[in-house]
Amino acid sequence: YAPCTLDGAAKLLIQGFAPNCLGGHSLLMYGRIPIERIELVGVGKVFGATAALRGVCASLESGPLHLVLGANGSGKSTLLAVVGTLLRPSSGEVIYGDHLDRSAVRGEIGWVSHDGLVYPEMSGCDIVRFAARLHGLDPECCLREASERFELGKFSERPFRGNSRGQRQRICLARALLHRPSLVLLDEPTAGLDEDGVSLLVRVLGEELRRGALVLVATHEAGVFSGFERRLLRLERGRVLEDSLRS
């Protein structure tokens, strides 16, 4: 699913030309270094007397769909928050390939969490436009793409707080993926989605994987993603219980 831009944009960048906007999108996005590999080295996270993560070690690479599994309280959401730079590990480290700058890492992340993390009085359309501006992209071009890709209907024109859980989820997915992040983090993305919404999610994840994104999904519904090559990372009480590849 190609960005809304003109063919040859990458060539212009290679030649040293970086105009502010071409076809509605900033060429700065073409100078980004994608995150293709993440190393978790003895990652621990403690909240007071509670250890949410305990010495997690794993190598994550673009290719398969990475599923983080486990019971409630096993550390799934905490792991995504650490990988997504929202939380700093109490011990160990997260290595993002060639990225050394934390802000550069954040620019490569597309994140959907349990909470919308949006201004609830804004409409879905304005949320997408706002996110586009933050990434230096053309708001109207991104909104047209998002509306088509995520089937944003009339509901996206009303305040976010007035939408159903599934409608909110579609808006959040649109906002998270509009800048073509190389690292996609989804925390229970099927929550509130009906059958059509789940089918849309599966289609979109297939598109993200095919374009080379590293996708990490925390879920209780692993069966939804059975059509993908999957890397299963199962947690129990903050420790890695299983790390396996399934096709």
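In what follows, the structure referred to is the one given above.
Residues numbered from 1 in each chain as written. Predicted model: local features only at pLDDT ≥ 70, side-chain atom pairs only at ≥ 80, totals over all residues. Heavy atoms only, no water.

## Some details on the nonpolar core
Then, number 1: Counting residues in each nonpolar core, the largest one holds 40 residues, and the members touching the most others are Leu 65, Phe 150, Leu 186, Leu 205, Val 215, Val 217 and Phe 225.
Then, number 2: The residues contacting Leu 205, other than those within four sequence positions of it, are Leu 186, Val 215, Val 217, Phe 225 and Phe 228.
Then, number 3: Membership of the second largest hydrophobic core comes to 26 residues, among which are Val 43, Val 82, Val 94 and Tyr 96. (Core = buried A, V, L, I, M, F, W, Y, C linked by side-chain atoms within 4.5 Å. Buried < 20%, exposed > 50% of the residue type's maximum accessible area, 1.4 Å probe, protein only. Contact = heavy atoms within 4.5 Å.)

## Points about unusual backbone geometry
Then, number 1: Phi is positive for Thr 85, close to 70°, though the residue is something other than glycine.
Then, number 2: One can find Thr 85 in the loop between helix H2 (76-83) and strand E4 (91-95).
Then, number 3: Looking at Thr 85, the relative accessible area reads 3%, which means it is buried.
Then, number 4: Phi at Arg 237 takes a positive value of approximately 50°, unusual for a residue other than glycine.
Then, number 5: As for its placement among the helices and strands, Arg 237 is situated in the loop between strand E8 (230-236) and strand E9 (239-246).
Then, number 6: Judged by its relative accessible area of 68%, Arg 237 is exposed. (Helix = DSSP H or I, 4+ residues; strand = E, 2+ residues; numbered from the N terminus.)

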